[in-house]
Each structure stands twice: as C-alpha cells, then as structure tokens.
Number of protein chains: 2
Amino acid sequence: MKTVILASLLLGTSALAQTTPQAREAAFDKSISAPEQMGWLKSLSSAPNHVGAAHNKANALWMLDQYKSWGWDARIEEFEVLYPTPLSTTLELLGPVTVKLGGQEPAIPQDATSANLKDALPPYVAFQGDGDVTGDVVYVNYGLPADYEALARRGISVKGKIALARYGGGWRGLKPKLAQEQGAIGSLIYSDPANDGYATADVYPDGGARPDTGVQRGSVADMTTYPGDPGTPGYGSVKGAKRIDRKDSVTVMKIPTLPISYRDATQILRAMGGPIAPENFRGALPFSYHTGGDGKIKLRLAVQSEWSLKPVYNVIAVMKGKDRPDEWVVRGNHHDGWVFGAADPLSGNVAMLSEAKALGQLAKSGWRPSRTIVYASWDAEEPMLLGSTEWAETHEAELKAKAIIYINTDGNGRGFLSAEGSHQYQHLVNQVAADVTDPQTGASVADRLRAKRRADAFDGARVDADDLKAAESGGDMPIGALGSGSDYSAFLQHVGVPSLNIGFGGEGESDGSYHSIYDSYDHFVRFDDPGLAYGAALSKVVGRVVMRVADAPTPPVRFGDLAATVRTYLSEVRELIDTRRKQDDKRAGLLSGNAFALASDPRAPVAAPPAKASTPVIELAALENAVARLETAAKAFDAALAAKGAGLDTGRRARLNAALLGIDQALLIPEGLPGRGWYKHALYAPGRFTGYGAKTLPGVREAVEERRFADANAYAGHTAAAITRLAERLDVATAIVG
Amino acid sequence: MKTVILASLLLGTSALAQTTPQAREAAFDKSISAPEQMGWLKSLSSAPNHVGAAHNKANALWMLDQYKSWGWDARIEEFEVLYPTPLSTTLELLGPVTVKLGGQEPAIPQDATSANLKDALPPYVAFQGDGDVTGDVVYVNYGLPADYEALARRGISVKGKIALARYGGGWRGLKPKLAQEQGAIGSLIYSDPANDGYATADVYPDGGARPDTGVQRGSVADMTTYPGDPGTPGYGSVKGAKRIDRKDSVTVMKIPTLPISYRDATQILRAMGGPIAPENFRGALPFSYHTGGDGKIKLRLAVQSEWSLKPVYNVIAVMKGKDRPDEWVVRGNHHDGWVFGAADPLSGNVAMLSEAKALGQLAKSGWRPSRTIVYASWDAEEPMLLGSTEWAETHEAELKAKAIIYINTDGNGRGFLSAEGSHQYQHLVNQVAADVTDPQTGASVADRLRAKRRADAFDGARVDADDLKAAESGGDMPIGALGSGSDYSAFLQHVGVPSLNIGFGGEGESDGSYHSIYDSYDHFVRFDDPGLAYGAALSKVVGRVVMRVADAPTPPVRFGDLAATVRTYLSEVRELIDTRRKQDDKRAGLLSGNAFALASDPRAPVAAPPAKASTPVIELAALENAVARLETAAKAFDAALAAKGAGLDTGRRARLNAALLGIDQALLIPEGLPGRGWYKHALYAPGRFTGYGAKTLPGVREAVEERRFADANAYAGHTAAAITRLAERLDVATAIVG
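A brief look at the structure comes next. Keep in mind it's a predicted model, so treat the numbers as computed, not measured. Sequence positions are assigned chain by chain, starting from 1 and proceeding in written order. Here the convention is simple: chains get letters from A, ligands get numbers from 1, in the order in which they are written. Confidence filtering applies because this is a predicted model: local features only for residues at pLDDT of at least 70, side-chain atom pairs given and counted only at 80 or more, and all residues used for totals across whole chains, interfaces and linings.

Digging into the interface of chain B and chain A
Put simply, an interface is often sized by how much accessible area is lost when its parts join up. Note on contacts: each residue gets a C-beta atom placed from the backbone, and two residues are in contact if those atoms are within 7 Å. Chain B puts 34 residues into the contact, and the matching count from chain A is 34 residues. Note on conventions: DSSP H or I runs of at least 4 residues are helices, E runs of at least 2 residues are strands, and numbering of each starts at the N terminus. Those elements that provide at least two residues to the side of chain B that touches chain A are α13 (445-458), α18 (559-592) and α19 (595-599) of chain B. In terms of residues, the side of chain B that touches chain A owes the most to one element, α13(B), which gives eight residues. Gly is put with the polar residues, along with every residue not named as nonpolar or charged; the nonpolar set is Ala, Val, Leu, Ile, Met, Phe, Trp, Tyr, Cys and Pro, and the charged set is Asp, Glu, Lys and Arg. Considered class by class, the residues forming the side of chain B that touches chain A number 19 nonpolar, four polar and eleven charged.

Below, the structure is given as structure tokens:
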C-alpha cells in the first residue's frame, strides 16, 4: 500500500514539476512529511548538541550525508572559534551554614533525555568573565537602565556587590554588561515564574512551563557591539586567522555571571533585606521582593572556564541555478543547541531538511531552480551566531556580489505565522501566507493570523495598531523589523543582504524549556508542536519563499512597502523627539516645584530623578527629503515592474537584475553605527539596550534615546544619504525597465 | 510646665475664638491632639466591637459621656435590626482524608489584641444564606459578569457547584449574588496575595500586608438594591417596626458563603483540575490557576447563623446653632468594627472625637456655630450601613427640611487627601486642603496631592487625565463621585442631602488587615498611621469643613463645579454609547467572518461570544439641553453670589438660604433607579456591578451598559427632568440675590 502511494506521488511530482509553479508547489507540499520530521527531531535531539559535543558533530555529518543523498552539492565548512567551556560553576549562600546553589538541572522521569546528561553543559552563560567573588546582593529586576535609575532614586547601588537580575525585559547579555558598568563584581540571572514559569502555564512535566529547577543558559557576549567570534571582529575565523587577545575583546564580559533556577533564586531573594522593591520589579514568587544591598546576606559566585579554540561545523548545500547561477538564494537554520535543543533549534532545522529533501525530489524529477539555492545548517549559533557570522564574514565579497536574499528560521512551534525582515519582501510573505493552510483550522495561515489579531483586540488584548488595521482591512499583514538573536544578523546588518526570519508560534510552550535540559523531544511533541504539524507548515511557507525568489524572472520585491515602512519609522522618531522634549520640560518643572520630594513617601523615600537638559530640535529635513525621494522612486519602480516586468527582453531583464543585485547595500552606512561599526544597516539594528529587539533608523533613534544629540544630527545625515542612495539605484532600475 | 502651656492655650483659644474665622481655626487646630487620639484608639480597639458585642456598646456609652463632657447635647439613639450571628461555619475539602479549612484566624505574638478573641466573630459574611452544600468548585476570578462570560466561552459553568472568587475587582456582595444567579450552590471568597498580600508589601507582622491566615469579613447584603436593615426597606427599624420576613428580603443572599484565607484557598486551588484559567484570573499564588469544574475535588460548605434582632447604638451629639438652628451640618463616622476595628472605623472615629472636643472647647470659650452641628458615631455600619441608614430613614422628613450637608469619614491612614462627594462643595474642599499642613512634608495637603499626581504621571503610573490637568494647572483638584460603602449613602442617595466623604490614605498598609482580627492598634500604629499624625490632619480638614459650612452666611457652594462635572459625565455616557455600538458592530463582523473560531487555540478552546444586537441611538437631546440649562443657571448663580453675596440684607439672606435648603432634592428621581427605587439620586449611585464604585448618571449609564435600552431612553428623560429642576431652583435663588 505504502509503495503504491509513493510511486504515484513520484509520478505526480515528475509530471507536475515540469509545468506551472502552482503545480510544482503542490508537488513540493506532498514531499513534506511531518512524521519524517518527528523521526529526525528525535534522533538529532537524542544527546547534547553544544559546540564541541560529539553528537553535534555527528549531526552535522549525518545532515551532510542527507543533503548529498537528496542530490545537493554539500560540504562541511569548518571554522575555529574561541569558545569557553565551563570547568566549574560555584554559587554559595554564605552564613552559619553554607547553602550550595546552582549545578546541573535534575532529570525528570517523564522526560527521557533528561537522564542522559553525561556530556551536557551545566547551567552557565558563554563569554561571561571568569572570577571568584564574594559579596552582598542587589535585586535589579531586569537589570536594564530604567531599573538602575529606579534603584538609584532609592539610594541603592550594585557597586562592589552582586547584581541579581531576572530574565526578560531585554536581552540576557545586557544584564551582566550593565551590571559591570554599574560597578557590580558579579552577576546572576534567574528565570522568574512570572515570565516563563507557573504564572504562564502548568510547569513541566504537567505542562510546558519552566519548572523550579529549570535554568536558561545562553550567551552574554556583547552582541550589541558585534556578534561572532570575539577574537575575529569583522573577518572570518578560519583556521590560523589572526586573533585579538581575549582580554582585549570588548564583547567578552569582565565579571563572573551565572544563570540560576527560581528554586535557587527563592533562597536568595527570601533572605534579602533592604527596602521593598518597586512595583514593576515584583515577579511571581510567593513573598515580597526586596532590593537587598543592605549587607544582610553574602554570596560567593565563582566561574572557571576553559577558553580554547573549538571547531565549528557549518553544513553548506548548494543547488546550482540553471539560468542565473551567480544569483544566490541563501536559507539557513542552526543545528547546535545548548543541550538537546529539540525546540531551539532543531524544530526549525528539521523543517529546513524537509524543504531540502523536497527540492531534491523536484530536482530529481527534472526541475532546476533558475537561481542558485544555498542551504546552510549553521553550527555555534548559541554562543553568539558564530557559525553564520564567521561564514558571512569570510564570504562577504561573494555574498555582496551574488546574494539576493537570506531566509532564516530557528526554533518553531504551534500557532501563528510570524515574519520579520526586509520590507520589500513583505508582499511576497503575504502571498505565500495566503497559499499555505493552517494545520489546525484549515484556513490559510494569513487568514488565521488576521482573525487572531482581530479577536485579540476585541477581547481586550494589546494589539499593534498597524497590525490591527491591516487585519481588519484584509490587506497585507506588516512584517516586523529584524533586531538580532538568530543567524540573519551578519547577512542583513553587516553585509547588506535583504533577509527574512520566519516561524510559527504563540500556542506552544517552549518558553518554559528554553535553553534548559528540558528542551527535549518529549517536551516538544507534548507541548510545543505535537505531531510537528507546524514543522510541516513551516517547510511549506519557507519552501515557497525559496522557490518563488529562486524562479522569478526578477526578484519579487515591492519597494513601495519598504518606503511606506520607513515613513512610519521616521514618524516614530519625530514623535520620540517631541515626547522626550516634553518629558524633559516636565521633569524640569517638577524639579523646580519640588514635586518629587512632596510626592515621596518618607517611609519608602524615592529621590527626584537627576536634572537633564531639554532634548534639542534634531535636524531631520534631509532625512525627510530622503524618505520622500524613496517613496517617489519606489512608487515609480513598482509601477514600472508591474506594467512591463513580465514582458522584458533578455537583455533588459539581465540589466534589471544586475541593477537590483546588491541594491540593499546602498542602505549600509560605511562607518557603521556609533560605537559599533560592525553594524552598518541604516534601517535595522538590534537595540543597544534591547538586544534581540530591533531599533529602526537606529543611528538617529538610539542617539535621541541616549541623549547623544551630536550623533543624532550626524546620523540623520548618514541615514538620509543611505536612503537617497537606494532611491537613486531604484531610479536606475526603473529606467532599465523603460 | 504642662499646666502653664495648657493655661496659655486655653487663654489663646478663649481670646481667638471670638475674632476671625482664621484665628478660630488656628485655635481649633491647637485643640487637636494626635497623642490623645492614640490613647482613644488603643482603648476603643481593645476588644471586639461588632454589633452586639459588649465592648461596642461600652464604646458608645463612653463616647456619650465624652460628648457630654465637651458640652454637647448628646444621646444614644437606638434601633433594632436583623443581624445574623454565626453559630457554625464549616468548610471541608473532601477526599480520602477530609481536610478541615476555615475557622478563626490565629493570634500573632507581635499583635497584642489578637490573643483576645473570646468574643470575636469568626470569619464569615453577614447576610449570606445559611445552608449545607457539597459539590465541585469553579474558580471564577473576581466573580463579576465579565468573568462568567470568560468562563462560558471556555465551556465552564458554576451551576450546581461552589463558586470560588477572589476579593477585589468589585464589591464583595456581588460575588455570592452573581454566583447564585448563575446557579451556584455555594460561594467562597478568598484574599489573593496579589491584591493585598505579599505582592503588595511584607506580610504582617513584618509588614502590613495580609498574612496567609488573614481573612476579610464583610457584609454581602445586596447593597446595590438597598442598604440598611433588610427587613425595613425605606423606613426606620425603630423598636416594634413592621418587618418583612427574612426569606422575602431581596437583599439577603440565598446560598451559603464564607470568606477564607489564602492559606486555605491554596489547598483548594492547587487541587483543582480543568483548563488553565484565563490570564486575568491569575493571582500571586505560586502555581498555575485552573478553572476547576471538572469534578476533581469536592468541598462541603455549611453556615448556620442565629438570625435575631440586635440593638444598634448610634451616638448623636448636637450643638445648636445660634442664628440658624434649623439648618443642620451633619457629620458622622461609624464606631462598630468587624473585630477590633482599629483602622476601620476607629481611626476615623477618633479623628471625629477630636473635632467634637475642639468644637466643644471653642464653644466653652464663647463661640457658637451659626447653624446647628450634629455629630454622629454610627453603629452597625459593617453589616450594611444599618445605623446611619435607619437613622436617616427615621429622620427623613427632618433631614429634608433641615440638613445642609452630611460629612462622612471612615477608616483613615497615612498619605494623601482624598475626597468624594457633591460637586458644589468641590471648591470648599480645595480651599480647606490649601489651609491644612501635611504632617510629613510641611506642604499643604492640596499641594502634596498635586505633586503626587504629577510625579506619578511622570514616573509612568496611571493618573486620571482630569486629575493630572488640575494638578498641573494648580487649580482645584477634582473630587470623586460617591458610590457606596460607608454611611453617606442614605443621606445622599436616598434623602438628597449633599454629602462629602473625606480621608487620607495611599501610604498606609491597612488593606492588609482590612476586616480581619489583625486590624488592631498594633497594626495601625506600626503600618497605617504611626503617631496618628494623619488622624490629627483629618480632624483639621473636616473640622474646617464643618465650621465653614456652619458659619457661612450662605453655604459655600459653587454650582458651576457641579454643572461642569455633570457635563463630563454626559460626555462619558455619549462616548459609552458610541463605544458600545462600535463594539457591537465589531463583534458582528468577527462572528460573521468566523474570526473567533480561527483565532481559538484548539488545545485551549475559547468559543465566540454570543451575538448581540447593535446598541441603538439613545435619545439624549433632553439631557443635553438640561445640562446646558444647568450650566447657564449655575454660572448666573455663582456670579450673583460672588458679586453680591457678602452684602445681602437679612431678609434677602434668609430667603436665599431658604431657597438653597434642600435644593439637592431636586436631583432625586421620585420613582428611583430601575429595579432599585431606594436609590433616587439622578447623578450618583453605587454601580449595580461595581458596588462601592460610583456610577454617575446611573439611570442612563447602567441601562446602556446592561443593554436595557428602553430604560436608557426613559432615564435620560428622568435625569434631564431632575437636572432641569435643579436649574430652575438655582434661577429662583439667583433672582433672590438680585
């Protein structure tokens, strides 16, 4: 029975692959198998998969074989990166009796792999600063600038103390970075149950939420300055590459840092003295949170690592384009995990493997993509996007010359389609979302997303106003802006390759296993994406994006969407400046009227915030003109392509495609962003104080936020120049269309 | 030394009382003693003070003696009210081993009176329905209509089960009332630590927040229909009054109900099954909240009470006016508590005693108020405003003929001035607030309040927009509208006497002891108002209001403030209607597009809300015209009074005052509000689904909210008529001024 079906499918594929794109996509879909993804996921996540782990290398070699067997031209591309492997992690609550905290997470009987921890990394954070410190503790909430301001107004400082932060509110690595800037001698980060524990769902293994023993590992290398190997900033860490010394690497933290469970955090927080913490500091643990810092308790925190070079195994598979072999569609997902990594990253990785297999089957049936397709399974994403960054840095010139788009996925789950990226591809994403069926409802994933936004808004949940408007109108749903936190960063923000990051989520519970030993096959198939229905859906979405970009005569871009999005960013920046100025004036008025002192509770005093000069008017005229120029150019280009794009002759087509190739590089600011020249994109960057979260028009916006007003004026100019360059290149392309 | 000072003070008082109002108020202030209030508070709260308790009666008799010794014409006015005293309260978690829950709260060594519980009431709620039921439990969040709608969309019903609600979100009594309407057989109410426990402060005795053993007693008689004795609706329950039978009293609940601690609630909630509760149901207990209702657990809940008539001892003290003895300024605070009642109500009661003593001293030094002043220490407020309501009902005719104003206080605490009431007195409250010094900062209490609103808004807290605008402009701070929950209700909403309710708060922690045995002297002086500094401040505020109204040639009203406030209420009602209509249309669109079904998570399904017809246009023209008419009349009246009020001759003055006497009765709607005729005020009522919280223009607003559109149209007319009557009476008064 099974054989018969397969044979008919293969016949079908063979016949259809030669005909229409619609038929080809239908054939592609038939090759996608959720049960097969489940098998791969179980095997790939059966042992620890961190950088340097034997099983992670074995996975790379197994994937290499798969790609080859599916007809891809595949190889492993190796790099050599600085990688700290923890030798010892110590956390002790000192007192009459020393209480030992920390250490490996315990096995849970209902979770098969949790008993298989022989090669597993203990809870730690990569690229913290080794050391052995003893001191008092201050609870700093999320450990972000506003939290330190709140503490300062209450007379609390972390200077000479250990800063205990909770996960959330901003990227993990900002917590030790800001703690050390504030003078802390050590840093702890715990998972409060308010954020991913019992306040969100039943805890594992009853539900998917984080149990009190769960710990979130992660990297704290200063991604906001540059990702990749700290020793090779801006160039590939190929074997033998020149390396800067670890102590000179600005992205390696200087103070010892450990992540801990909320079981451990409870022992510390409960024992702390000092005033009651401000209201927004309070999590879901069953007692009052205090700020500490009064010397009531003392902790010893010590971390020792082996800082050696480790091999990185990127699996790179190429399917050469028949018409435009030197135009590349690059698609990636990483394969390393902190421990087993079933959800993060293997759920996305198996979806990618399904696509590669399906494309291979199409190829075997006679189809060949017009452009070259490159599939990449990155290693060493977790410690700081090492595999993808070193690869992109190494191949920077070639990528600049050839890459049309980079399409990324990472951990995937049950729920709703989410996409972020370069907005000229927003319409393509929406077209694809209209053509893929949601496995739970049978509606298109686009329609389900629109329904979700509308129903949520009706039920009183916060929904982004632009999202809601789009959902109600039935038009294209906006895609988000890319910050960082996965492998697109080097492509988009350093090299200037337009990028997309795509995934499903919102109904799974993988937040509760994130970066812990419980991110396992058992957790995934019970709570995150049972049956991998959404793994299959992801393959169908991304496969379509890959095929449509690879096969389109000219890449399916719509620059009007980009221009309209940049217009909203500019409006936001204008509003930010106004809001800041009003707030500055308000602060000055309150200070001169002594209002903060009068409002303060003498039994829980809160001092006035420090005085600040008024935010000045920023020179935005050039930027305003550049955005208008882009709107005009984009409108003309989109109109020309719509009117005449289909009928271009070969010569004109080639010149048009050549004009569009690398067009996003116009948006790179040559000197990069202030204080972090690695990040060059004028529109998108990870926020200096958000991390994963994007900042758009970052050179201007962050300068205003951080009161670097000279930078704000200078980067308004740089950003205007970049946007103008894009408009000029679009004009050239429009002229070619004729 | 002490004698010398006292002598000079008395001399000063004697000299000053004869001269200016300013000097008289300064002399009044000198008579206010916080240490004396502490002494009274300690003694009054030394034993249980509920209705029927020996100590509560002793307090009344002691106060009677005090008033007399201060020169007041005082007496005890007794009523006889239905009062349920619990005989047995039983709560058991059934299972292989029965777990007994409930019972009296335990003593805490640091709290002296908590060991003195011989005569104390156990945790219970007055006017629940006796019974003995066994059944499954459903967690209903706050137990308000929106919560039952959320449960219904998840397929959960309380029919035949026990509804477990948490305190908060709306008035206590709504919880059993709605539960019985939904078919529940019993009702439990617990104090979630999110609302007044460790999520708000350290728990008692380390801090003032509710300990896990603390239970909030209270009344669940259906206040929203009528307060007072359930057996004598609308008339005084004097000895021998005709009574309706308990089973015919609509304000007595039909199902057994008990309040419980979060220690007990934890045992129930942790054991419950069913789906995860909706996000807004989740409190601060350290586990996932489930809805229950799946039969996993079984509770037995049984309450038996003695339903007998009990005496109520109102202490009434009169100081006759020298010029206008038949114009009364009535001022009250209750003296009964659920147990010791240090914060609620004795902290307000001792502030009132200080005023009475100070007024007595002024009187002894030769001053006499122009109008008659009546001080009342009410009994039996806790079971449902019994003492004040029965008194006001008994004296309804006399109050209608004579009462200028009723000024209420209740429990008081450290912090900021808060006032609610009839808006023609808003300016008076602001004038007084400008003249009283905040004990912690030395600023005026008005300036401290403005500073608080501005600083809070700057720091990102939610601040009412009108409050903030007033605070920023330095103008009069708005006073709130009166709902219910203290003794002003009968005066304002039934009899039509303009009322004020005044107190300090916001920095104390008496929420944590509210209606428990821990509402004690020890708790109060440690956490609520150490040294009773704000007790003294309250005396100074209320004393000024009393004296200024009593002595003013014409009551210090400004009807423009009332008119402007009513204008904002009308705008809110218009906006409510528009918002409702848009929401109805949105719901219809989402239903027809199947959006709720598409948005629903199949593993945690949420059904679509039921279809509803669109909210129609409501006829508001008459109301609009009436408000405009009131604005004109109020403006003319205020202008006339400002221009010529000081120079009126005796005859004109008498006619003017006669015209103003009882003017608020114009605002009473003769038939009362829909379904609750006891409530007659056109502007202010306790919300049918908020309880303590006020609804303004209630006849219209609540009809729109509850989709009683015929009522909405009818009451727009009734309300317009009432407002027009007031405008007409103001015109008469204006004409008298000339």
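There is more to say after this.
Observations concerning the pairing of strand β13 (residues 403-408) of chain A
Residues and elements named next belong to chain A. In this scheme every C-beta is placed from the backbone, and a residue whose C-beta has 20 or more other C-beta atoms within 10 Å is buried, one with 12 or fewer is exposed, and one in between is partly exposed. In terms of burial, β13 is a largely internal element, six of the six residues being buried. As judged from the five bridges shared by strand β11 (residues 324-334) and β13, these two strands associate in the parallel manner. Counted as the bridge partner of W328 is A403 from β13. Both β13 and strand β15 (residues 499-506) contribute to a ladder of three bridges, which runs parallel. Opposite I407, over in β15, you have L500 as the bridge partner. A pair of strands is treated as paired once DSSP finds two or more bridges between them.

Focus: the relation of the copies chain B and chain A
Relative to chain A, chain B is turned by 180° and slid 0.0 Å along the rotation axis, the superposed coordinates differing by an RMSD of 0.0 Å. Such a combination of turn and shift is consistent with a two-fold rotation axis. Interface overlap between copies is the fraction of interface residues in one copy that are interface residues in the other; for chain B against chain A it reaches 100%, indicating a shared surface. We place the copies in one frame by least squares, fitting the C-alpha atoms of every residue whose pLDDT is at least 70 in both.

Some remarks on the sheet that holds strand β9 (residues 257-260) of chain B
Residues and elements named next belong to chain B. What the four strands build is an open sheet, ordered β5-β6-β7-β9; its pairing is parallel. Both outer strands of the open sheet, β5 (137-139) and β9, are each paired with one neighbouring strand and no more. Each strand of the sheet is rotated relative to its neighbour by a mean of 20°, with strand direction disregarded. One ladder, built from four bridges, connects strand β7 (residues 186-190) with β9; its direction is parallel. By the bridge assignment for β9, I189 is matched with P259. Fitted lines through C-alpha atoms give the axes, limited to the stretch in contact for helices. The angle between two N-to-C directions lies from 0 to 180 degrees. Contacts from helix α6 (residues 174-181) reach β6 (162-166), β7 and β9, with the element oriented near 150° to β7. On top of the sheet, helix α8 (residues 262-271) reaches β5, β6, β7 and β9; it is set at about 125° to β7, its chief contact.

Comments concerning the environment of R153(B)
Residue and element names in this part refer to chain B. Here R153 lies in helix α5 (residues 145-153). Residue R153 is classed as partly exposed on the basis of its 18 C-beta neighbours within 10 Å. Each C-alpha atom, one on R153 and one on P610, is 8.8 Å from the other, the two residues being 457 residues apart in sequence. If we ignore the near neighbours within four places in the chain, the residues touching R153 are V606, A607 and P609.

What about the packing of helix α21 (residues 650-660) of chain A against helix α23 (residues 709-737) of chain A?
Residues and elements named next belong to chain A. Two numbers describe how α21 lies on α23: the axes approach to 9 Å, and their chain directions differ by 175°. Viewed along their axes, α21 and α23 adopt a mutual orientation that is roughly antiparallel. In contact with R652, R655, L656, A659 and L660 of α21, α23 contributes R729, V732, A733, I736 and V737. When grouped by side-chain class, the residues that make up the contact of α21 with α23 number seven nonpolar, no polar and three charged. Angle categories are assigned with fixed cut-offs, so that under 35 degrees is roughly parallel, over 145 is roughly antiparallel, 65 to 115 is roughly perpendicular, and the rest are oblique.

Focus: the sheet that holds strand β9 (residues 257-260) of chain A
Residues and elements named next belong to chain A. The four strands are arranged β5-β6-β7-β9 in an open sheet whose pairing can be described as parallel. Only two strands of the sheet have a single partner each, and these edge strands are β5 (137-139) and β9. Averaged over all pairs of adjacent strands, the angle between their axes in this sheet comes to 20°, without regard to strand direction. As paired strands, strand β6 (residues 162-166) and strand β7 (residues 186-190) are joined by five bridges and run parallel to one another. Bridging across to β7, R166 finds its partner in Y190. Sitting on the sheet, helix α8 (residues 262-271) touches β5, β6, β7 and β9, and the angle it makes with β7 is about 125°.

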